[in-house]
Amino acid sequence: MSQKNIKRRDFLKKTGAVTVAGAGAVIAAPNVMASTRKHRWKIVSTWPPNSPLFQTGVERFAKRVKELTSGQLTLQVFAAGELIPAFGAFEAVSKGMVQAGAGASYYWAGKSSAAQWFSSVPFGLNAQGMNSWFYAGGGLKLWEETYAPFNLIPRPYGNTGLQMGGWFNKEITSVDDFKGLKMRIPGLGGKVIKKVGGTPVLLPGGEIFTALERGVLDATEFVGPLHDMRMGFYKAAKYYYTPGWHEPGTVLEVFFNKTAYEKLPKSLQLALDTAAAENNIWMLAEFDAQNGNALRTLINKHKVQIRHFSDETLSELHKVALEVMQEEASKDDQAQKVHQAFNKFQDRVGAWSAVSEKVYHQLIAKKVAL
Ligand code: CA
């Protein structure tokens, strides 16, 4: 050791600078540890294992978060029933039993009527419109406000796109044909069917086919060509109706326990938000591409007949749907607030779509051969 260094060491000892420097190192350490600390979360979903796009979407989301954070935040995925029953997800995350959940907000109508507007409402916005409402029209802020009393933070993270109107054993030529019809159709769509004289039936996915085949059901809706083909509905019902007026663009959600989310460093919160937004783009793209392929198979291979609800039928259903939404909105103040904001936004983008997307689709539809 050189004479100069010895002197420097003595000087540091005398002045106590070593102690100061040492304390500085100790103070700095927790900051370093906090920024690299690993966070292991659990995410529970409302869908069965291997359900295409629904459950594979949850797995993809978890994978993306891990990649985006270089493994600093991991989400262990549990399908419905593996840790929590499907419809227990909201409460489990709300209470902090697990940190995250995946579902569709209309599942939680019993907790909050307002929640229903953030998934899909009959004759409401399509996928593009919902994204516009969330990201550019104040919709996400209203959704956060709606979930805040439950200590939850919601994010849109997928969309099924426009669904199909359902499978029917007889042709539907007017709204009167719904009278006495036993149809599996949950939620708000079910309420509309009931008001026009039908009998909405609630059945889990796995029981629909048998009920339809045995005539316990006259009709069922489910999702779109990809999922409906997998269920084999074409073997039990002849007519496949469009459009899915009751679910014009169903939003799928992830939601986080607010306390857990707020404890994360900002960069990890951003990773969750970014992964959700990116998953949202991916899922709609997959639904569109895969539904397109499945529809072709249904028509060409399985000889399914596509039918369109008439304008008059849709107009009648629309009238009734507006009444249903009015009733749902009157259940609490937040629902009323969301209902009004949604309508205002839909009127605005609807007027724009009427002179843009609608005109274009009508033009292009004439040139598309199935
Ligand atoms: Ca559906």
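Our structure is the block above this text.
Residues numbered from 1 in each chain as written. Predicted model: local features only at pLDDT ≥ 70, side-chain atom pairs only at ≥ 80, totals over all residues. Heavy atoms only, no water.

(A) Here's a closer look at the overall build of the protein chain. The secondary structure content of the protein chain amounts to 14 helices and 11 strands. For 370 residues, the compact-globule estimate of 2.2 N^0.38 gives 21 Å, and the C-alpha radius of gyration of the protein chain, at 26 Å, exceeds that figure by more than 25%. In terms of its C-alpha atoms, the protein chain occupies a principal-axis envelope of roughly 100 × 45 × 40 Å. Among the 370 residues that make up the protein chain, the fraction classed as buried is 46%. Pairs at least 24 residues apart make up 77% of the contacts formed inside the protein chain by residues separated by at least 6 positions. As presented, the protein chain carries roughly 18600 Å² of accessible surface, and 56% of it is formed by carbon and sulfur atoms. Distance between charge centroids for the protein chain: 12 Å, based on 44 positive and 32 negative side chains. (Helix = DSSP H or I, 4+ residues; strand = E, 2+ residues; numbered from the N terminus. Rg over C-alpha atoms; globule rule 2.2 N^0.38 Å. Buried < 20%, exposed > 50% of the residue type's maximum accessible area, 1.4 Å probe, protein only. Contact = heavy atoms within 4.5 Å. Areas by Shrake-Rupley, 256 points an atom, 1.4 Å probe, with all protein chains shown as cover. Lys, Arg positive; Asp, Glu negative; His and termini not counted. Charge placed at Lys NZ, Arg CZ, Asp CG, Glu CD.)

(B) Broad picture of the sheet that holds strand 11 (residues 305-308). Sheet architecture is open: 6 strands sit in the order 7-6-8-5-9-11, paired in mixed fashion. Among the strands making up the open sheet, the edge pair consists of strand 7 (199-201) and strand 11. Judged from the 4 bridges that link them, strand 9 (residues 239-242) and strand 11 form a sheet pairing that is parallel. Of the residues in strand 11, the one forming a bridge with Y239 is Q305. (Pairing = 2+ DSSP bridges.)

(C) Structural view of the packing of helix 5 (residues 127-136) against helix 13 (residues 333-355). Where helix 5 meets helix 13, the closest approach of the two axes is 11 Å, and the angle between their N-to-C directions is 120 degrees. With respect to helix 13, the element helix 5 is oriented oblique. Considering the relative orientation of helix 5 and helix 13, their crossing is right-handed. Only V338, A341, F342, F345 and V349 of helix 13 make contact with helix 5, whose side of the interface consists of G129, M130, S132 and W133. Looking at the contact of helix 5 with helix 13 residue by residue, the classes come out as 7 nonpolar, 2 polar and no charged. (Axes fitted to C-alpha atoms, helices over the stretch in contact; angles between N-to-C directions. Parallel < 35°, antiparallel > 145°, perpendicular 65-115°, else oblique. Left-handed = near helix turned anticlockwise from the far one by under 90°. Nonpolar A, V, L, I, M, F, W, Y, C, P; charged D, E, K, R; others polar.)

(D) Looking closely at the nonpolar core. If you look at the biggest cluster of nonpolar residues, it comprises 54 residues, and the most contacted ones within it are W133, F168, F178 and W245. Of all the secondary-structure elements, those providing two or more residues to this core are helix 4 (89-94), helix 5, helix 6 (139-147), helix 7 (187-195), strand 9, strand 10 (251-257), helix 12 (311-329) and helix 13. Formed jointly, this core draws a minimum of three residues from each of two domains, domain 1 (35-162 + 249-288) and domain 2 (166-246 + 303-343). Residues F61, A211, A260 and L264 belong to the second largest nonpolar core, which totals 46 residues. (Core = buried A, V, L, I, M, F, W, Y, C linked by side-chain atoms within 4.5 Å. Domains from an automatic or database assignment.)

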